[in-house]
Amino acid sequence: SKFYTGQVISFVTTDAERTMTVYLGASIGLKKEEAVLSDIKNSRFFYTSAYVFDSPDLKETVMSALKIAKDNGVKIAFDLADSGVIERHKEELKDVIEKYVDIIFANETEAEKFTGEKDPKTAVFNLSNITKIAVVKLGDKGSIIKRGEEIIDVKIRKRKAVDTTGAGDMYAAGFLFALNRTDDLNIAAKIASYASAKIVEQFGAKLKESIKE
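Residues numbered from 1 in each chain as written. Predicted model: local features only at pLDDT ≥ 70, side-chain atom pairs only at ≥ 80, totals over all residues. Heavy atoms only, no water.

### Observations concerning helix α6 (residues 185-199)
Here α6 spans 21 Å end to end across 15 residues, near enough to the 21 Å set by a 1.5 Å rise per residue. Considered for burial, the residues of α6 that qualify are Leu185, Ala188, Ala189, Ala192, Ser193, Ala195, Ser196, Ala197, Lys198 and Ile199. Buried residues along α6 sit against β6 (133-137), β7 (143-147), β8 (150-154) and α5 (167-179). In this structure Asp184 caps α6, since a side-chain oxygen of it lies 2.9 Å from the backbone nitrogen of Asn186. (Helix = DSSP H or I, 4+ residues; strand = E, 2+ residues; numbered from the N terminus. Expected span 1.5 Å × (residues − 1). Buried < 20%, exposed > 50% of the residue type's maximum accessible area, 1.4 Å probe, protein only. Contact = heavy atoms within 4.5 Å. Polar contact = N/O pair within 3.5 Å; in protein donor to acceptor, adjacent residues only side chain to side chain.)

This is how it looks when you write it as structure tokens:
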């Protein structure tokens, strides 16, 4: 079948929250034979999300990538992505995360849906039982990170949000960027929170200017 470039339409309300309608496009037809999986061996991180579980072809491709990453010592980061996806694939997600994932990202709603715990601190403890690093994002309240016995609770300076589209992805990007350069979770969390705070100050998920300050 023929696939087209993926598209996302984001409806932003006056409280800066967004509702998205998504067409994943060509990615849902990506077969493992077509992916350049060999490049993963030379990477520091492999990042993916729960969304891939909604597409059989894409899931098979990503599972191949996870195996290659695991076999070659590449750290695997995984975003829980969406409550609906968690509801549809919860048990399978748990199995995959426990077997492969080193770093897991979730917002408060996703963490509750996945663990059954409303308190984000309890949720991050539960997530840390199946991953090396568990991150629960709390929006303008910062984030909580747990690695072993180490717990980081990072607060942030509140910004005027106009559009929260892309905040979670920007957080993950900032976190992995920092973790690639330092083993300090506090620094990683602060950089991640700052990057995501900058993206919500504008419309759209792509920064219109370099991060400065």
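### Here we look at the pairing of β6
Among the five residues in β6, five count as buried, and that is most of the element. Side-chain alternation along β6 places Ile133, Val135 and Lys137 on one buried face and Ala134 and Val136 on a second face that is also buried. Pairing of strand β5 (residues 103-107) with β6, which is carried by five bridges, proceeds in the parallel orientation. Bridge assignment links Asn107 to a residue of β6, and that residue is Lys137. Here β6 runs beside β7; their pairing, made up of five bridges, is antiparallel. The residue bridging Ala134 from the neighbouring strand is Lys146, located in β7. Linking β6 to β7, which pair antiparallel, is a turn of five residues; within it Gly139 sits at a positive phi near 65°. (Pairing = 2+ DSSP bridges.)

### Describing the pattern of salt bridges
Opposite charge on two side chains allows them to pair when their charged atoms are near. Per the stated rule, a full pass over the model turns up 12 salt bridges. Residues Asp54 and Arg88 are paired through a salt bridge, measuring 2.7 Å at the closest nitrogen-oxygen approach. Of the two residues, Asp54 is situated in the loop between β3 (45-49) and α1 (56-71) and Arg88 in helix α2 (residues 83-100); the sequence distance between them amounts to 34 residues. Of the residues examined, Arg88 reaches a relative accessible area of 51% and is grouped as exposed. Salt-bridge contacts for Lys141 lead to Glu108; the nearest nitrogen and oxygen are separated by 3.4 Å. With a gap of 33 residues between them, Lys141 in the loop between β6 and β7 and Glu108 in helix α3 (residues 108-115) connect regions that are remote in the sequence. According to the relative accessible area criterion, Lys141 is partly exposed, its value standing at 42%. The exposure class assigned to Glu108 is partly exposed, which follows from its relative accessible area of 30%. (Salt bridge = Lys/Arg side-chain N within 4 Å of Asp/Glu carboxyl O.)

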